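Reading the structure
Chain by chain, the residues:
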Amino acid sequence: MSNRGIFAATAAAFFIAGCATTKPPEAPAVHINEDPYPSTYVRYPGALTVIRHATVFTGDGQQINDGTVVFGDGVIKAVGGPELASPAGALEINGAGKFVTPGIIDVHSHLGDYPSPGVSANSDGNEATSPVRPEVWAEHSVWPQDPGFSRALVNGGITTLQILPGSANLFGGRSVVLKNVPGRTVQEMKFPGAPYGLKMACGENPKRVYGSNNQMPQTRMGNIALARQTWIKAVAYKNKWDKYYAKGGDMPERDLAMDTLKGVLEGKILIQNHCYRADEMANMIDMSKEFGYHITAFHHAVEAYKIADLLRDNDICAVMWADWYGFKMEAYDAIKENIPLVHNAGACAIVHSDDPNYIQRLNQEAAKALGDGIRAGIPNLSEAVAWEWLSRNPAKALGILDKTGTLTAGKGADVVMWNGDPFSDYSRPERVWIDGAEMYDANNPKKRPVSDFELGQPGEGDVK
Amino acid sequence: MIGRIAALLLAAAAPAGAQTFAIVGGTVALGNGSEPIPNGMVIVRDGRIVAAGDVRMKLPAGTQVIDATGKWVTPGIVAGFSRLGLADVDLSAEGADDTTANGPFSASIDASTSINPLDTTIAVNRADGVTRALVVPQAGKSIFGGQGAVIDTGADMEPITAARKFQFVELGEKGAAKAGGSRGSAQVFFRNALREASELRRFEGPIEATHASTGTRRPIVRNPNESRVYGPDARRSEDILLTRFDAAALVPVLQGRQYLLVHAERASDILQVIDLKREFPSLKIVLVGASEGWLVANRIAEAGIPVIASAVNDLPAAFEQIAATQSNVGRMRAAGVNVSIGMIDDNDTRNLFMERQYAGNLVGLQRIPGATGVSWGEALAMITSRPAEAIGMGGEIGSLEPGRRADLVIWSGDPLEGSSAADQVYIDGVEQPLETHQTRLLQRYRYLPRTDLPTAYRH
């Protein structure tokens, strides 16, 4: 939050510079619509519900045994112990032996932009035609009928997810945050009020994709140089618009790519930065300071443990796998204690998937990381604490922690009831609610989404 | 670090000798499909299992006894389908990846010659309880990938348990692409390859394999890359597509002396494979993948073809997997198919340790209405004895039944829980080091505060 202040100060400085020149009064500035593809999501109806006698992980580190969770009108009403009274007329669910958690939030998914089936006709994740493509928006690639959304919901308890462009480009384009509620259009899935993200990438991917064609970037220094050149243009573009908004006159020519970068410099669009190696993350942090923006999260940060202090001091989340390693050079130093070590340093640790299969088991990924952390002697770890990696911290990294991510009165009722301890390989979601609407019930075949693609195919409506 | 590795190798290279030891007090699971036995015992002599389970034996005086109270003891995990030891790094790391050959040869490629037992991947999997793996070369330009090996993950320079144990062929979507773009083309390519092999069969010589190894590691298939292939009598017809070596490599497949792993996912592709078995009864086929196997499970069972399947694939990730479901394994098993679990194209060079997590997921499925899971004992068997049985090695590895190689893991808890870890690992009765590149990095970076020397001096 302190960084918001820095952005404001920078903007003010430009404003003053603009005022220094004296010109006759101009026509007032016309403001550009910054939300031309707005969310049309409307929560589905849900009953006033109370779950009793469950083990509850609140998502902010607390565990309540014999817990009670009350939700209705789309929001969490109350969370407490057995003493909590049931409101009149509430649907009561016996949660004995079950676990209740906030819905899991995956901050790194390509569902919809790399959907199933993974054929070239559906391959819409990388606009790999130039390393600088901040003008593309992932939501314009998302196919809402990707069957993967339903698997993530019913097997993974995923209630919110960020869909990102791929990492071929230094600037990959805007991300979009979705409610995992099936929609006919992506607009029907868009999380209302969630800020946009900008996908950036360092390291091997951009330099491989373009370098192999003898195009810039071919090296890591090329990566940085081209990104800096782009930010220089973005700052100039923003100055032009700041001046226009302050003084009016002729509207500057719009540039979609620069619009996105301007949004970043204004603190409205969050940087989601694909970056594996510790040294490269440090370079990206310096770049962000050079141009006055804040990096919200490093994704796939397999070497985050080497610079966990730096991440903490710069208020940057590390988005990590539990045990993926070595599949490329920049993942060679992955260790299984990465997530708990980052957490232990006081930085923001997040478990992510980047995969339509792993997204169905993020709870198990957290379980492995938790076990490895405890064995490494990292103190103060527990299942309740580890749940922060699955919902609270992801919500923070998406700028929606005021709306979801913990079981807190007033927040959206994104709730999963598991049929056992979610840190066990044997457990699965039994019921899932999004904004208080029941979207899945393992005991009711009608409460299971089936994508258009799967209708009439072998296995339609199967448990999967 | 060099000293460290050298020490490990030296220690492991020392002969196990006539060693007897017993593991007592732990929950013992045999890996043969039976359920775990509380407070069981495992007795090992000379690298082999003497007895295990609910046994009480009087141990000779001085026998080493290992207390496993509160822990679990199982056979080591046998990775049913892997590319372990073929690639230390998968992408853009020249020299570190031997998974796929795009040169002129295919079926004749012998994966055992590519295995590097010092790959970090082998240590990482060893440290997580994977003790053996079926290593499958990936198909390059041809539908044939080459001959796969069974390896151990021991910290020594002798990784090969069985070289050239099986041939690998793609007969699904990938096979179609490699054969020129259609499944029909792949079928003809395959049949032609067998025809070319049958022509060479008459040149089969009495030459013994020149595999320089210990007696216990003798391959069942003689090395086809030998003089009979280029001897003066080895004439072939003009009408050929395969190189001489590749055709010769398929002779043992044709004769049923070498297993044939066939990758197919789509139900109709699986039926084509079953037809092949009918047409060439001597083929010892093992199906790999079989995501839509549940649609034709009875037919697979009738044909008696074992399946090494992906455990939890449930997405229509390709048009050959439209009916994929996590219940696939359970449904095939319920129909009587011998099913085991492999990591087919799923981080197959490195994340074999995830098989136990997947096996746990299949156990969990039993509690999901409408799904078909498997029992705990069966789930463990699917990652230990079943893959070994699929290629005729069930008598050697994969279970704690008497006479088997003593590949053992003492786990901190239930091994089908990802949160459990391997505390001790034995291969052929030899305790293994569990240190890896990763554990060394953990030690270096466990505490970050700056010290009097840079981090590079922490070792």
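Structure's up top.
The shown structure was predicted, so the numbers you read here are calculated from the model rather than taken from an experiment. (Residues numbered from 1 in each chain as written. Chains lettered and ligands numbered in written order. Predicted model: local features only at pLDDT ≥ 70, side-chain atom pairs only at ≥ 80, totals over all residues. Heavy atoms only, no water.)

The subject of this paragraph is the overall build of chain B. Along the backbone of chain B there are 14 helices and 16 strands. The 459 residues of chain B split such that 60% are buried. About 16700 Å² of surface is accessible on chain B, with carbon and sulfur atoms providing 53% of the total. (Helix = DSSP H or I, 4+ residues; strand = E, 2+ residues; numbered from the N terminus. Buried < 20%, exposed > 50% of the residue type's maximum accessible area, 1.4 Å probe, protein only. Areas by Shrake-Rupley, 256 points an atom, 1.4 Å probe, with all protein chains shown as cover.)

Take the overall build of chain A next. Tallying secondary structure elements over chain A gives eleven helices and 16 strands in all. In summary, chain A has a C-alpha radius of gyration of 23 Å against a globular reference of 23 Å for 464 residues, a match within 12%. C-alpha atoms of chain A, sized along the principal axes, occupy 70 × 50 × 50 Å. Looking at chain A as a whole, 62% of its 464 residues qualify as buried. Taking the intrachain contacts of chain A between residues at least 6 apart in sequence as the baseline, contacts between residues at least 24 apart amount to 69%. Working note: accessible area of chain A is about 16400 Å², and carbon and sulfur atoms make up 53% of it. Charge-centre separation for chain A: the mean point of 44 positive side chains lies 3 Å from the mean point of 53 negative side chains. (Rg over C-alpha atoms; globule rule 2.2 N^0.38 Å. Contact = heavy atoms within 4.5 Å. Lys, Arg positive; Asp, Glu negative; His and termini not counted. Charge placed at Lys NZ, Arg CZ, Asp CG, Glu CD.)

On to the environment of A:Ser382. Within the fold, A:Ser382 resides in the loop between helix H9 (362-375) and helix H10 (383-386). Sequence separation between A:Ser382 and A:Ala367 is 15 residues, and the spatial gap between their C-alpha atoms is 9.9 Å.

Moving on: the state of the cysteines. Residue and element names in this part refer to chain A. A full pass over the atoms with the stated rule returns two disulfides over all chains. The disulfide partner of cysteine 202 is cysteine 275, and the gap between their sulfur atoms is 2.0 Å. Taken as a pair, cysteine 202 in the loop between strand E9 (197-201) and helix H3 (204-211) and cysteine 275 in the loop between strand E10 (270-274) and helix H6 (278-291) lie far apart in primary sequence, 73 residues in all. Take cysteine 202 and cysteine 275: they sit in the same class, and that class is buried. Covalently, cysteine 317 is tied to cysteine 348 through a disulfide, its sulfur atoms 2.2 Å apart. Between cysteine 317 and cysteine 348, the S-S dihedral sits near 85°, and the bridge is therefore right-handed. (Disulfide = S-S within 2.5 Å.)

The accessible area lost on association of the parts is a frequent measure of interface size. Every contact between the two is made by 60 residues of chain B and, on the other side, 61 residues of chain A. Ranking the residues of chain B by area buried against chain A places B:Leu315, B:Gln438 and B:Arg446 at the top, with a combined share of 12%. Where chain B touches chain A, the interface holds two salt bridges. A salt bridge links A:Lys336 to B:Asp128, with the nearest nitrogen and oxygen atoms 3.2 Å apart. The interface formed by chain B and chain A contains 30 residue pairs in polar contact (both at pLDDT 80 or more). Broken down by secondary-structure element, the contributors of at least two residues to the side of chain B that touches chain A are helix H2 (120-126), helix H11 (355-364) and helix H14 (437-445) of chain B. Sorting elements by how many residues they give to the side of chain B that touches chain A places H11(B) first, with seven residues. Of the residues contributing to the side of chain B that touches chain A, the split by class is 30 nonpolar, 19 polar and eleven charged. (Buried area = accessible area lost by both parts, 1.4 Å probe. Salt bridge = Lys/Arg side-chain N within 4 Å of Asp/Glu carboxyl O. Polar contact = N/O pair within 3.5 Å; in protein donor to acceptor, adjacent residues only side chain to side chain. Nonpolar A, V, L, I, M, F, W, Y, C, P; charged D, E, K, R; others polar.)

The subject of this paragraph is the pattern of salt bridges. Going through the model one piece at a time under the given rule, you end up with 55 salt bridges over all chains. One salt bridge connects A:Asp313 with A:Arg312, and the closest N-O pair in it is separated by 3.0 Å. Given the relative accessible area of 57%, A:Asp313 is considered exposed. Between B:Asp428 and B:Arg132 there is a salt bridge, and its shortest N-O distance comes to 3.0 Å.

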